[in-house]
Amino acid sequence: MAQIKAWNPEREFLTRDELINLQEERFLKTVARAWESPFYRKKFSELGLSPSDIKGLSDLSRLPFTTKDDLRSAYPYGFLTVSRDRLVRLHVSSGTTGRATAVFYTRRDIDSWAELMARCFCMTGAGPGDVFQNMSGYGLFTGGLGFHYGAEKVGILTIPSGAGNSKRQIQLMKDFGTTVIHVIPSYALRLMDVCQEMGVNPREDLNLRIGYLGAEPYSEEVRQRVQNFYGIRVYNSYGLSEMNGPGVAFECLYQSGLHLWEDAYLMEVIDPDTLEPVPDGTIGELVLTTLDREGMPLIRYRTRDLTRIIPGQCPCGRPHRRIDRIQGRSDDMFIIKGVNIFPIQVEQVLMAIPEVGSNYRIVLTREDNLDQMTVQVEVTDRVFIEDMRHLHKLREKIAKELKSELLVTPRVELVEPNGLPGGEGKAVRLIDLRGKS
Ligand code: ADP
Ligand code: K
Ligand code: ZN
């Protein structure tokens, strides 16, 4: 199989100094361009800023943040810097956290997005000769077309299978000898059950070798499970519609954090309360500025995603710094009995327990003025649901392990395999019913 190690060595392996020079040049262009958009023109003028005030990267902090609400307020066209006849595509964010927002692309934007995705494929050892099954929702969601264009650019045979239709997915993998998949983590887990139902053992019956998992938070335990079950190497994929979609940050062969393509995105990690930068290695909110976007540049966009910059150099030699797996969005965090918890912490505990199956959710209620956390957990089909004593013990074991990690004792409910609602899109892990009764 032909192996390309880097799609664009010149951009991927430049020196840190060269990278920063390139950033600076592109940053100034971006700022000048942003002035052309109705939104930024107004915002900058209100702050008394003019383009000549921004002389380099060191002036970044003089520029205001852009928030999801700003995007909503200027919906649909307020961020455009080109006339509408220059646009060739739009995507609408899936609206996981409220009203949707729109993102527009010129022809050049589509090309540079595909270029970033092409790098991601090659960086993880995929190339011509591979068969890529893209099990991501196509359409308004950026995951489908984002991966699709990148794969075709590299020259990888691409099956646009889309989300859902699980049995057919497995059948396609068998028929065409799929080697590379892109899938949302919760769906990768769900498909394990389907393989079992169909009597398919991926390690023996399929040809898979690489999986790209992203679009929602997942723990290292889920990576391990997916790798072991399918016999693949799993690489974390991060992106958001506001920054094109997937291809913002991606793991390399070393699987030790996600390289953020810093020639295309300027990154800051800030304390979401003080809005001041945090030191490398400290968790904060990721803030991104587009450096190479024509139709709709965004400046200091607050992603609400929590992560940290991983200090030090990756053994692969790319100077593009790495971020750690996303812990969740700042609004995913919930507080129960005074303890701050992210769903991913619950997942980490659950997925390390062999009897735990492929789905779970967290339900918060208030009873007699006391907050109660219930964790509903699917068991694997190896657990006999008829054996009450065994179930009781398993419930206690899960509760105990959650308690020791979270310092809160949850109620645990066991559910048969496939017993919890789960769709094709992003998993809903948290149901907060407090204050709703
Ligand atoms: P929506 O905001 O409606 O979910 P997007 O498709 O733009 O629509 O989703 C982007 C968001 O998905 C990111 O801001 C982040 O919260 C989440 N996300 C994407 N990739 C990952 C990943 N690898 N790990 C964790 N979360 C991710
Ligand atoms: K988003
Ligand atoms: Zn690397």
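Here the structure is shown first, and the text comes after it.
Residues numbered from 1 in each chain as written. Chains lettered and ligands numbered in written order. Predicted model: local features only at pLDDT ≥ 70, side-chain atom pairs only at ≥ 80, totals over all residues. Heavy atoms only, no water.

## Comments concerning the overall build of the chain
Secondary structure summary: the chain contains 12 helices and 21 strands in total. Taken against the 2.2 N^0.38 rule, which gives 22 Å for 437 residues, the C-alpha radius of gyration of the chain at 22 Å falls within 12% of a compact globule. In terms of overall dimensions, the chain has C-alpha extents of about 75 × 60 × 40 Å along its principal axes. Partitioning the intrachain contacts of the chain with sequence separation of at least 6 by distance along the chain shows that 68% fall at a separation of at least 24. If you sum the accessible surface of the chain, you get close to 18,700 Å²; carbon and sulfur atoms cover 50% of it. For the chain, the centre of its 55 positive side-chain charges and the centre of its 58 negative side-chain charges are spaced 1 Å apart. (Helix = DSSP H or I, 4+ residues; strand = E, 2+ residues; numbered from the N terminus. Rg over C-alpha atoms; globule rule 2.2 N^0.38 Å. Contact = heavy atoms within 4.5 Å. Areas by Shrake-Rupley, 256 points an atom, 1.4 Å probe, with all protein chains shown as cover. Lys, Arg positive; Asp, Glu negative; His and termini not counted. Charge placed at Lys NZ, Arg CZ, Asp CG, Glu CD.)

## Focus: the coordination of the zinc ion (ligand 3)
Within the protein, the atoms that donate to the zinc ion (ligand 3) are Cys-252 (SG), His-259 (NE2), Cys-314 (SG) and Cys-316 (SG), at distances of 2.1 to 2.3 Å. Taken together, the 4 donor atoms coordinating the zinc ion (ligand 3) span angles of 100 to 121 degrees at the metal, a pattern that classifies the geometry as tetrahedral. The class for Cys-252 is buried, based on a relative accessible area of 1%. Under the relative-accessibility criterion, His-259 is labelled buried at 0%. (Donors = N, O, S within 2.8 Å, 3.2 Å for Na, K, Ca; no water. Tetrahedral: all angles 85-135°; square planar, octahedral: opposite > 155°, others 65-115°. Buried < 20%, exposed > 50% of the residue type's maximum accessible area, 1.4 Å probe, protein only.)

## Some points on empty space enclosed by the protein
Tallied over the full model, the rule gives 1 cavity of 30 Å³ or more. Taken as a whole, the largest cavity encloses approximately 40 Å³ of empty space. What lines the largest cavity is simply Leu-71, Ala-74, Tyr-75, Pro-76, Gly-78, Phe-79, Ala-102 and Met-296. Taken together, the residues that form the lining of the largest cavity break down as 7 nonpolar, 1 polar and no charged. (1 Å grid on protein atoms, 1.4 Å probe; cavity = no way out; pocket = protein on both sides within 12 Å on 5 of 7 lines; lining within 4 Å. Points joined across faces, edges and corners; volume = space filled by probe spheres on them. Nonpolar A, V, L, I, M, F, W, Y, C, P; charged D, E, K, R; others polar.)

## Brief notes about the sheet that holds strand β12 (residues 301–307)
The strands making up a sheet associate through hydrogen bonds between their backbones, and the pairing can be parallel or antiparallel. In spatial order, the strands read β10-β11-β12-β15; together these 4 strands make up an open sheet with antiparallel pairing. Either end of the sheet is taken by a strand with one partner, and the two such strands are β10 (265–270) and β15 (328–329). Here strand β11 (residues 284–290) runs beside β12; their pairing, made up of 4 bridges, is antiparallel. Within β12, the residue paired with Leu-288 across the bridge is Tyr-301. (Pairing = 2+ DSSP bridges.)

Keep in mind these values describe shape, not function.
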